[in-house]
Amino acid sequence: MARLLLVHHTPSPFTHEMLHSVREGSISAAAALDQELEVLLKPALGATVPDVLDADGYLLGTPANFGYMSGALKHFLDTVYYPCLDATRGRPWGLWVHGNNDVEGAALAVERIVAGLGWSAVRPPTLVIGAPASNDTDRLWELGAVTAAAVLEACS
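Residues numbered from 1 in each chain as written. Predicted model: local features only at pLDDT ≥ 70, side-chain atom pairs only at ≥ 80, totals over all residues. Heavy atoms only, no water.

A. Region of the structure containing the overall build of the protein. When you go through the protein residue by residue, the secondary structure sums to five helices and seven strands. Along the chain direction, N to C, the helices and strands of the protein fall in the order β-α-β-α-β-β-α-β-α-β-β-α. For 156 residues, the compact-globule estimate of 2.2 N^0.38 gives 15 Å, and the protein sits close to it at 14 Å. By the burial criterion, 48% of the 156 residues in the protein qualify as buried. Considering only contacts within the protein whose residues lie at least 6 apart along the sequence, 82% involve residues at least 24 apart. Split by element, the accessible area of the protein, about 7100 Å² in all, is 54% carbon and sulfur. Distance from the positive charge centre (9 side chains) to the negative charge centre (17 side chains) of the protein: 6 Å. (Helix = DSSP H or I, 4+ residues; strand = E, 2+ residues; numbered from the N terminus. Rg over C-alpha atoms; globule rule 2.2 N^0.38 Å. Buried < 20%, exposed > 50% of the residue type's maximum accessible area, 1.4 Å probe, protein only. Contact = heavy atoms within 4.5 Å. Areas by Shrake-Rupley, 256 points an atom, 1.4 Å probe, with all protein chains shown as cover. Lys, Arg positive; Asp, Glu negative; His and termini not counted. Charge placed at Lys NZ, Arg CZ, Asp CG, Glu CD.)

So, in structure tokens, the structure goes:
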């Protein structure tokens with residue numbers, strides 16, 4: 001069975017709501033494609049090298065803290081970078097970022113690290129400033145759905 005790993009740091013109600021939308025999109029896409037997909041949610045401080053190696057694709061979510069990704073997500077990426085460097089190249093991935101103002105710096109920082117890992121972005125990051133509106137929720141759902149479809153395609 002294909003496996004999608006959602007690594008997140010969701011300390012606020014908004015980021016938790018965003019995680020829910022991404023997860024629902026992933027699950028709905030697998031159901032619509034009539035394929036089995038295991039969707040694993042892991043807090044950034046609890047995700048491990050085996051979690052990454054056992055997954056077929058990734059969704060990362062973080063708040064933007066002072067224009068940068070959360071320390072928790074940075075710790076996760078630092079922890080898995082070298083042990084997963086060669087084994088995970090080409091795997092599909094997506095990113096969502098929430099903030100109250102500057103979110104582009106956080107997205108760019110994540111993208112630079114993931115570029116080194118050689119993962120394949122399924123679409124540009126989904127960036128949300130302030131309270132997620134209904135169109136943001138739709139974009140997050142789509143991010144989950146597109147990433148899930150890419151994972152399923154890669155595993156077929």
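B. Highlighting the environment of alanine 64. Looking at the secondary structure, you find alanine 64 in strand β3 (residues 57–65). The sequence separation of alanine 64 and alanine 109 amounts to 45 residues, and the corresponding C-alpha distance is 10 Å.

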